[in-house]
Amino acid sequence: LRVHRALSWLDRAERCDDNDGRFVFLWIAFNAAYANEIYDQERSPEHKVFGRFLDKLVNLDKGDALYDLIWSEFPNSIRVLLDNRFVYQPFWDYHNGLVEEAQWKSGFERARKSAHKALAGHETTTVLSIVLSRMYTLRNQLIHGGATWNSNVNRDQLRDCTAFLGKLVRYVIQLMMDNPNTLWGDASYPVVESS
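Every residue gets a number counted from 1 within its own chain, in the order that chain's sequence is written. Owing to the predicted nature of the model, reporting of local features is limited to residues with pLDDT of at least 70; listing and counting of side-chain atom pairs is limited to 80 or more, with chain, interface and lining totals taken over all residues. Water and hydrogen atoms were dropped before computing side-chain values, which therefore reflect all heavy atoms in the structure.

Participant: Got a sec to walk through the pattern of salt bridges? Specific residues and values, please.
Facilitator: Salt bridge, as used here, is a side-chain nitrogen of Lys or Arg placed within 4 Å of a carboxyl oxygen of Asp or Glu. Overall, the coordinates contain nine salt bridges when judged by the stated rule. Residue R112 is joined to D83 by a salt bridge in which the shortest nitrogen-to-oxygen separation is 2.4 Å. Here the residue R112 occupies a position in helix α7 (residues 101–120), and D83 occupies one in the loop between α5 (75–82) and α6 (89–95), the gap between them amounting to 29 residues. Accessibility here uses a 1.4 Å probe with only protein chains present; expressed as a share of the type maximum, an area under 20% marks a residue as buried, one over 50% as exposed, and anything in between as partly exposed. For D83, a relative accessible area of 41% gives the class partly exposed. Ionic pairing is found between E101 and K105, a salt bridge with its closest N-O pair at 3.1 Å. With E101 and K105 both in helix α7 and four residues apart, this pair spans about one turn of that helix. One network of salt bridges, with partners in common, ties together D83, E109 and R112. Segments assigned H or I by DSSP are reported as helices when at least four residues long, segments assigned E as strands when at least two residues long, and all are numbered from the N terminus.

Participant: Talk me through the nonpolar core; I want residue IDs and the actual numbers.
Facilitator: Definition used in this section: a nonpolar core is a set of buried Ala, Val, Leu, Ile, Met, Phe, Trp, Tyr and Cys residues joined via side-chain atoms within 4.5 Å. With 48 residues, the main nonpolar core has F23, F30, F53, L57, M135, F164 and L168 as its most contacted residues. Listed by contribution, the elements that provide at least two residues to this core are α1 (2–14), α2 (19–34), α3 (46–60), α4 (65–73), α5, α7, α8 (124–143) and α9 (155–178). At 10 residues, α9 tops the list of elements feeding residues into this core. Residue contacts are counted whenever heavy atoms from the two residues lie within 4.5 Å of one another. The contacts of M135, once residues within four sequence positions are left out, are F23, W27, L81, C161, F164 and L165. In terms of nonpolar packing, the next biggest core, distinct from the first, is built from six residues, F91, V99, W104 and F108 among them.

Participant: I'd love a proper account of α2, names of residues and values included.
Facilitator: Under the convention used throughout, the expected extent of a helix is 1.5 Å for every residue step, that is, one less than its residue count. Counted at 1.5 Å a residue, the expected span for α2 with its 16 residues is 22 Å, and the 22 Å between its end C-alpha atoms agrees. Taking burial as the measure, the 16 residues of α2 include 12 buried ones, the bulk of the element. Regarding α2, the residues found buried are D20, G21, R22, F23, F25, L26, W27, A29, F30, A32, A33 and Y34.

Participant: Give a description of the packing of aromatic side chains that names residues and reports values.
Facilitator: Geometrically, a pair of aromatic rings is defined through the distance of the ring centres and the angle of the planes. Pairs were defined over the aromatic rings of Phe, Tyr and Trp, the Trp ring being its six-membered one, requiring ring centres within 6.5 Å. Orientation was assigned from the angle between planes: stacked under 30 degrees, edge-to-face over 60, tilted for the rest. The tally for this structure, following the rule as stated, stands at 17 aromatic pairs. When the ring of F23 is compared with that of W27, the centres are 6.1 Å apart and the planes differ by 35°; the resulting orientation is tilted. With a gap of four residues between them, F23 and W27 both fall in helix α2, about one helical turn apart. Each ring, one from F74 and one from F164, has its centre 5.4 Å from the other, and the planes form 85°; the classification is edge-to-face. You can see F74 sitting in the loop between α4 and α5 and its partner F164 sitting in helix α9, a full 90 residues away along the chain. The exposure classification of F74 matches that of F164, with both residues buried. One aromatic cluster in this structure is built from F23, W27, F30, Y34, F53, Y136 and W184.

Take a look at the structure:
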């Protein structure tokens with residue numbers, strides 16, 4: 001069910017002719033792959049759910065395709081993304097008066113250093129988690145109407161994130177198909193018969 005749903009959204013993303021729409025469809029494909037039905041007493045932030053999912057994927061990735069994606073195919077785009085304050089949620093929290101300037105800046109620097117250390121240390125899950133948290137901020141900007149369709153603003157990060165996510169989703173689906181006996185948890189909104 002997960003793979004079927006993810007493939008359907010990946011197909012839609014690949015037929016999309018603009019990066020705004022393509023990014024949204026790719027994020028849905030990613031969600032279809034990792035999202036679990038979570039009951040009220042178990043609710044945890046979404047980043048923890050996809051963190052556990054990424055751990056599982058990295059452990060199954062015997063050929064290091066995910067690490068190669070980060071290190072070989074997109075190292076410059078990832079470095080630019082890590083240096084981009086506009087996809088770092090605490091930067092926006094500062095602009096909304098929720099945190100102090102020093103707080104978001106020190107957190108930003110710590111996250112950058114952590115990501116670079118993880119890159120050098122072959123810590124694929126950590127790097128992917130940091131990159132996806134930045135992409136999640138971009139996702140929120142689009143999904144919650146915090147950006148204009150086809151705007152001149154945020155084009156570079158949207159282009160880079162769309163290219164990276166397009167490759168990542170393909171690898172995720174491939175790893176899931178290559179490991180059919182792995183337990184992924186209950187899918188969200190399972191298909192049920194109408195009565």
